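Breakdown of the fold
Read off the chains here:
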Amino acid sequence: MVGMPYRKLLVAGLAAVILGTAAVASTSWWAAAPVAPVVSAPAVAPPPPVAAPPPEHRVEAVALKRGDTLVRALARKGVEKRVGQRIADALVESGADLRRMNPRHGLAITWNLAGEPLEIAYTPSPWLGYAVIATGNDWEVRRAETRPDVRVEAIAGEATRSLFQAIDDAGESPQLVVEMAEIFSSDFDFTADTRSGDRFRLLVEKRYAEDEFVDYGRLLVAQYLTATRVLTGVGFEQADRWRYYDPDGRSLKKSFLKSPLEFTRITSGFTYARPHPILGGTRPHLAIDYAAPVGTPVRAVADGVVTRAGWAGGNGISVILRHRSGYETMYNHLSKLAAGMRRGGRVAQRQVIGYVGSTGLSTGPHLDYRVSKHGRFVNPLHEKFLPGEPIPAADRAAFLAHARDLVRRLETQAAF
Ligand SMILES: [Zn+2]
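Everything in this summary refers to the structure shown in the same document. Keep in mind that this is a model prediction, so the values were computed, not measured.

This paragraph deals with the overall build of the protein. A count of helical and extended segments in the protein gives 7 helices and 23 strands. For the protein, buried positions account for 41% of its 416 residues. For the protein, long-range pairs separated by at least 24 residues make up 60% of all intrachain contacts whose partners lie at least 6 apart in sequence.

Right under this line is the structure:
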């Protein structure tokens, strides 16, 4: 039947049907043609599948944990500590800084069939990688560094629902919101002060590898516009550190942060008369209440000395810090203290001193935060803290020119 045009076949078939048996008889011409029996060739068993030879090597990724050492991480996968130590030594000799290992770094072991480590690949950044290769009884290190293609890009947005939403709409990472909040953290409380309609713009270094975006470099300049003011932060290399200043050269790193928590919600403000949720009646509430989940880290708003750390009646677990210029800050209802927090200890600005809780007279997890000056409570949101250090005189001219140039580029590339 193969080869007979479909149409002819159709006709022959149809003829058979019409002629009925006669046709059947007549189609016997068809039947007359002896149909060669399909003699299927004896089934030749397909050759058994050839098992692919086991791969010479097996590559195993090693997930690094916070505080890990290379030796410990390799040992988790079965590399003897003695061998791991030799690998670590070889890496350090080649300039690797193993003290800064963290979960974002890449680590992988190549094993041979005998289960011996043949090669360790360590990548502390998208731009730098090390291969430690077994050479007989020793280890040879190869270092590979690629130079990122750094492009300065302007990013702008408007806070309608949230800043994070705005940066997401711009196709960028929330990391930029956190960095911007940090730059302005002494002047602006992104928890209390952000309003719908606020706008921001910034120039940031974006690092590419062959046209593929990898990560952000430095945030060069940022502006945040509210209904009443414009905040400008200009980055400048000063004393080998990247610091932020306002356009007049005053440091934005002031002695006090505006808030001990980031991106939370204020549930109760500073007032001399508030209905007390537990004790009833109307009482002063000389504090700001920030609602946050239990366990949220609470940071010191300024450098200082611990004058109280522990249980304090209705304030629950509480910390008091003494700062310069007669200021004290108080953090109440904590779930627990940070490690090492004790009376007389010193803390640095931004250091975590405890965690949000609901201990003491509290109706739910929140931080009751208070500031006093010379023993009198003041409103933390309205207090004008000490201005930041001015840029050193020697750097002033260079900084002002740098700032003018960056702000002009920002205004040109991301008009408000
Ligand atoms: Zn409170």
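Structure's up, so let's keep going.
Glancing now at the coordination of the zinc ion. Taken together, His285 (NE2), Asp289 (OD), Asp289 (OD) and Asp368 (OD) make up the protein donors of the zinc ion, found 2.0 to 2.6 Å from the metal. Around the zinc ion, the 4 donor atoms are arranged such that angles at the metal cover 55 to 158°; this shape is classified as irregular. Mapped onto the polypeptide sequence, the residues donating to the zinc ion form the spacing pattern H-x3-D-x78-D. You can see Asp289 sitting in strand β14 (residues 288–291) and its partner Asp368 sitting in strand β22 (residues 366–373), a full 79 residues away along the chain.

A word on helix α6 (residues 175–183). Those residues of α6 lying buried are Leu176, Val177, Met180, Ala181 and Ile183. Across the axial projection of α6, the buried residues extend over an arc of 160°, all falling on one side. Check the buried side of α6 and you find it contacts β6 (149–159), α5 (163–169), β7 (198–209), β8 (212–225), β9 (230–238) and β10 (241–245).

Let's shift gears to the sheet that holds β7. Adjacent strands of a sheet pair through backbone hydrogen bonds, lying either parallel or antiparallel. Spatial ordering of the open sheet is given by β6-β7-β8-β9-β10, a layout of 5 strands whose pairing is antiparallel. The sheet is open, and its two borders are formed by β6 and β10, each paired with just one other strand. Within this sheet the neighbouring strands show an average axis-to-axis angle of 30°, counted without direction. Pairing analysis gives 5 bridges linking β8 to β9, with the strands arranged antiparallel. In the sheet register, Ala222 faces β9, and the bridge partner there is Gly233. Packed onto the sheet, α6 meets β6, β7, β8, β9 and β10 and runs at close to 40° relative to β8.

The next subject is the nonpolar core. Core analysis: the largest hydrophobic core is formed by 29 residues, its most contacted members being Val298, Leu321, Tyr331, Ile353 and Leu367. The set of elements that each furnish at least two residues to this core consists of β14, β17 (317–322), β18 (327–334) and β22. Discounting residues that sit within four places of it in the chain, Val298 has contacts with Pro260, Leu261, Tyr331, Leu334, Gln351, Val352, Ile353, Gly354, Tyr355, Val356 and Leu367. Grouped together as the second largest cluster of nonpolar side chains are 24 residues, Leu64, Val83, Ile109 and Val132 included.

Residue placement: Thr359 occurs in the loop between β21 (352–355) and β22. Engagement of the side chain of Thr359 in a polar contact is seen with the backbone oxygen of Leu334, the distance being 2.7 Å. Thr359 has contacts with Trp311, Gly314, Asn315, Gly316, Ile317, His333, Leu334 and Ser335, leaving out every residue within four places of it along the chain.

Following the criterion strictly, the structure yields 11 aromatic pairs and no others. When the centroid spacing of 4.9 Å and the interplanar angle of 55° are considered together, the rings of Phe256 and Tyr327 count as tilted. In this pair, Phe256 sits in the loop between β10 and β11 (265–268) while Tyr327 sits in strand β18, placing the two residues 71 residues apart along the sequence. For Phe256, a relative accessible area of 1% gives the class buried. Among the residues examined, Tyr327 registers a relative accessible area of 1% and is labelled buried. Ring geometry for Tyr290 and Tyr369: centres 6.5 Å apart, planes at 45°, overall tilted. Here Tyr290 is found in strand β14, whereas its partner Tyr369 is found in strand β22, with 79 residues between them in sequence.

Before going further, it helps to spend a moment on the sheet that holds strand β5 (residues 138–145). Ordered by their spatial adjacency, 5 strands build an open sheet running β1-β2-β3-β4-β5, and the pairing between neighbours is antiparallel. One side of each edge strand has no neighbouring strand; the edge strands of this open sheet are β1 (57–61) and β5. Adjacent strand axes in the sheet meet at a mean angle of 15°, parallel and antiparallel pairs treated alike. As paired strands, β1 and strand β2 (residues 106–112) are joined by 5 bridges and run antiparallel to one another. Paired with Arg58 across the two strands is Trp111, which belongs to β2. In the packing of helix α4 (residues 81–93) onto the sheet, contacts are made with β3 (117–125), β4 (128–135) and β5, and the angle to β5 comes to roughly 45°.

The next thing to look at is the environment of Arg343. Note on placement: Arg343 falls in the loop between β19 (336–337) and β20 (346–347). For Arg343, a relative accessible area of 67% translates into the label exposed. As for Arg343 and Ile320, which are separated by 23 residues in sequence, their C-alpha atoms are 9.0 Å apart. Not counting the four nearest positions on each side in its chain, Arg343 is found in contact with Val306 and Thr307.

For the rest of this paragraph, the subject is the pattern of salt bridges. All told, the structure shown has 21 salt bridges when counted by the stated rule. Lys77 is paired through a salt bridge with Glu60; the nearest N and O atoms lie 3.7 Å apart. Taken together, the residues Lys77 in the loop between α3 (70–76) and α4 and Glu60 in strand β1 connect sequence positions 17 residues apart. For Glu145, the salt bridge goes to Arg143, with nearest N and O atoms at 2.8 Å. Look at the salt bridges and you will find they share partners, linking Arg58, Glu60 and Lys77 into a network.

Parameters at a glance
Residue positions are given per chain, counted from 1 along the sequence in the order it is written. The model is predicted, so local features are restricted to residues of pLDDT at least 70 and side-chain atom pairs to those at 80 or more, both for listing and for counting; the totals for chains, interfaces and linings are taken over all residues. As a rule here, side-chain values come from all non-hydrogen atoms in the structure, and water together with hydrogens is ignored. Put simply, DSSP marks the helices as runs of H or I at least four residues long and the strands as runs of E at least two long, and each gets a number from the N terminus on. Burial classes: relative accessible area under 20% of the type maximum marks a residue as buried, over 50% as exposed, and values in between as partly exposed (1.4 Å probe, protein chains only). It only takes one pair of heavy atoms within 4.5 Å for two residues to be counted as in contact. The donor definition counts N, O and S atoms within 2.8 Å of each metal and applies 3.2 Å to Na, K and Ca; water is not among these atoms, so some sites may look incomplete. In these descriptions, tetrahedral denotes four donors with every angle between 85 and 135 degrees, square planar four donors and octahedral six donors with opposite donors over 155 degrees apart and the rest between 65 and 115, and irregular any other case. The directions from the helix axis to the C-beta atoms form the arc being described. The pairing criterion for strands is at least two bridges between them, as found by DSSP. Between the N-to-C directions of two axes lies an angle of 0 to 180 degrees, each axis being a line fitted to C-alpha atoms and, for a helix, fitted only over the stretch in contact. Put simply, a nonpolar core is a bunch of buried Ala, Val, Leu, Ile, Met, Phe, Trp, Tyr and Cys residues held in one set by side-chain atoms that sit within 4.5 Å of each other. Here a polar contact is recorded for every N or O atom pair within 3.5 Å, except that within protein the pair must consist of a potential hydrogen donor and a potential acceptor, and residues adjacent in sequence are included only if both atoms are side-chain atoms. Ring pairs shown here join Phe, Tyr and Trp side chains whose ring centres sit within 6.5 Å, with only the six-membered ring taken for Trp; geometry is labelled stacked below 30 degrees between planes, edge-to-face above 60, and tilted in between. What makes a salt bridge here is a side-chain nitrogen of Lys or Arg within 4 Å of a carboxyl oxygen of Asp or Glu, nothing more.

Interpretation note: all reported values are geometric properties and have no functional meaning in isolation.
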